[in-house]
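Chain residues, written in single-letter form:
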Amino acid sequence: MSFTLPDLPYAHDALQPYMSKETLEYHHDKHHLAYVNNGNNAIKGTEFEGKSLEEIVKGSYGKNPSVFNNAGQHYNHLHFWKWMKPNGGGKLPGALEKAIVDSFGSVDKFKEDFVAAGVGQFGSGWAWLEVKGGKLAVSKTPNGESPLVHGGTPILGVDVWEHSYYIDYRNRRPDYLKAFLDSLVNWDYVAELYDGAKA
C-alpha cells in the first residue's frame, strides 16, 4: 500500500497559541509530505511493497534505513496529528487516569517523566507513553524510531525534532512539552489507543 498524506483533523490555525499556523504549514504540509513521497519512492521494487505500514516499519528497522526512516516518521506523524486537538489537555478519561496513577504514582509524576524524556532526547526524536508487557511506561527514541520497534505499543508521542517547535518556542523545548501536555493532548484518542493495546 502506498503512503498518503492525511488531512489535518483541524484547521492549520486551530492549535494556536500553543502551536502556530506557520508550524503546522511547515510540519504537516512540507515535512510529513516529504516522508510520504520519499517513503513511496524507497519502497518501490522492495519486499515491502503491498505491506501494511506497521509491517513495513517493523520489517525495515535495522535493515533498510531509507525505507525505515520515512515509514517510521509517516507512522509517527499519522498519530501525532490525532494526539492533538484544539482546547486539548485537561482531565484524563477515568480508565486511562487510573492506569497512569497505577504505573507512575500520579498524573503529575507521569507528566514530569514524559517531559524529562522529551528534554533528555539528545537531538531529534520522540518521547512516548507506551504499553509494554501489560504496563504503562515512558520512553524516548531517536529520529523516526518508536516503541513499535522495541516491543511496545505507543499510545502517546510527542515530536521533539526542532521543526515541531522552533518557530513557536525557539530553544525552549521544556516549554513546548509542557504546553503539549497541558493544552494540546487529545486524551480521548490516547484512551482509545490504550483500550486497543490492552485487548
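Keep in mind that what you see is a predicted model, and the values were worked out from it rather than measured.

**Some points on the UniProt feature "domain: Manganese/iron superoxide dismutase N-terminal" (unreviewed entry) in the protein chain**
Consideration 1: The positions that UniProt labels "domain: Manganese/iron superoxide dismutase N-terminal" (unreviewed entry) are, in the present scheme, residues 2-84.
Consideration 2: A helix fraction of 59% and a strand fraction of 0% characterise residues 2-84, whose end C-alpha atoms lie 25 Å from each other.

**With respect to the pairing of strand β1 (residues 125-132)**
Consideration 1: Of all 8 residues in β1, 7 are buried; the element is thus mostly enclosed.
Consideration 2: Here β1 folds back onto strand β2 (residues 135-142), and the loop between the two strands holds 2 residues, one of which, G133, carries a positive phi near 60 degrees.
Consideration 3: Judged from the 6 bridges that link them, β1 and strand β3 (residues 153-159) form a sheet pairing that is antiparallel. Across the sheet, the residue bridging to A127 is V158, located in β3.

**Overview of the packing of aromatic side chains**
Consideration 1: Evaluation of the coordinates by the stated rule reveals 13 aromatic pairs.
Consideration 2: The interplanar angle of 15 degrees and the centroid separation of 6.1 Å between the aromatic rings of F80 and F180 together place this pair among those described as stacked. Taken as a pair, F80 in helix α3 (residues 65-82) and F180 in helix α7 (residues 173-184) lie far apart in primary sequence, 100 residues in all. An identical accessibility class is assigned to F80 and F180; each is buried.

**Structural notes on helix α1 (residues 21-43)**
Consideration 1: Helix length check: α1, at 23 residues, gives a terminal C-alpha distance of 31 Å against a target of 33 Å (1.5 Å per residue), a fit within 8%.
Consideration 2: The sharpest bend along α1 measures roughly 25 degrees and falls at L33.
Consideration 3: All of the buried residues along α1 are T23, L24, H27, H28, H32, Y35, V36, G39, N40, A42 and I43.
Consideration 4: Contact partners of the buried residues in α1: α2 (53-60), α3, β3 and α6 (166-169).
Consideration 5: One or two positions beyond α1, positive phi appears at G45, with a value near 75 degrees.

**Considerations on the nonpolar core**
Consideration 1: Formed by 46 residues in total, the largest nonpolar core has its most connected members in F80, L156 and F180.
Consideration 2: Listing elements by their share of this core, those giving two or more residues are α1, α3, α4 (94-104), α5 (107-120), β1, β3, α7 and α8 (187-198).
Consideration 3: Contacts of L156, omitting those with residues within four sequence positions, involve W83, F110, F114, A127, W128, L129, F180, L181, V185, W187 and V190.
Consideration 4: Counting 14 residues, the second-largest nonpolar core is a separate cluster that includes I43, L53, V67 and F68.

**Comments concerning the sheet that holds β1**
Consideration 1: Read from one edge of the open sheet, 3 strands run β2-β1-β3, paired in antiparallel fashion. Of all the strands in the sheet, just β2 and β3 have a single pairing partner and so form its edges. Shown here is a sheet whose adjacent strand axes are inclined to one another by a mean of 20 degrees, direction ignored.

**Thoughts on unusual backbone geometry**
Consideration 1: A cis geometry characterises the amide bond from Q16 onward to P17, with omega recorded as 5 degrees.
Consideration 2: When you line up the elements, P17 lands in the segment before α1.
Consideration 3: If you check the backbone angles, N143 has positive phi at about 50 degrees while not being a glycine.
Consideration 4: As for its position among the elements, N143 is in the loop between β2 and β3.

Rules of the game
Residues numbered from 1 in each chain as written. Predicted model: local features only at pLDDT ≥ 70, side-chain atom pairs only at ≥ 80, totals over all residues. Heavy atoms only, no water. UniProt positions renumbered as here; feature names shortened; annotations may be inferred. Helix = DSSP H or I, 4+ residues; strand = E, 2+ residues; numbered from the N terminus. Buried < 20%, exposed > 50% of the residue type's maximum accessible area, 1.4 Å probe, protein only. Pairing = 2+ DSSP bridges. Phe/Tyr/Trp six-rings, centres within 6.5 Å; stacked < 30°, edge-to-face > 60°. Expected span 1.5 Å × (residues − 1). Bend = angle between axes of the 7 residues up to and from the residue. Contact = heavy atoms within 4.5 Å. Core = buried A, V, L, I, M, F, W, Y, C linked by side-chain atoms within 4.5 Å. Axes fitted to C-alpha atoms, helices over the stretch in contact; angles between N-to-C directions.

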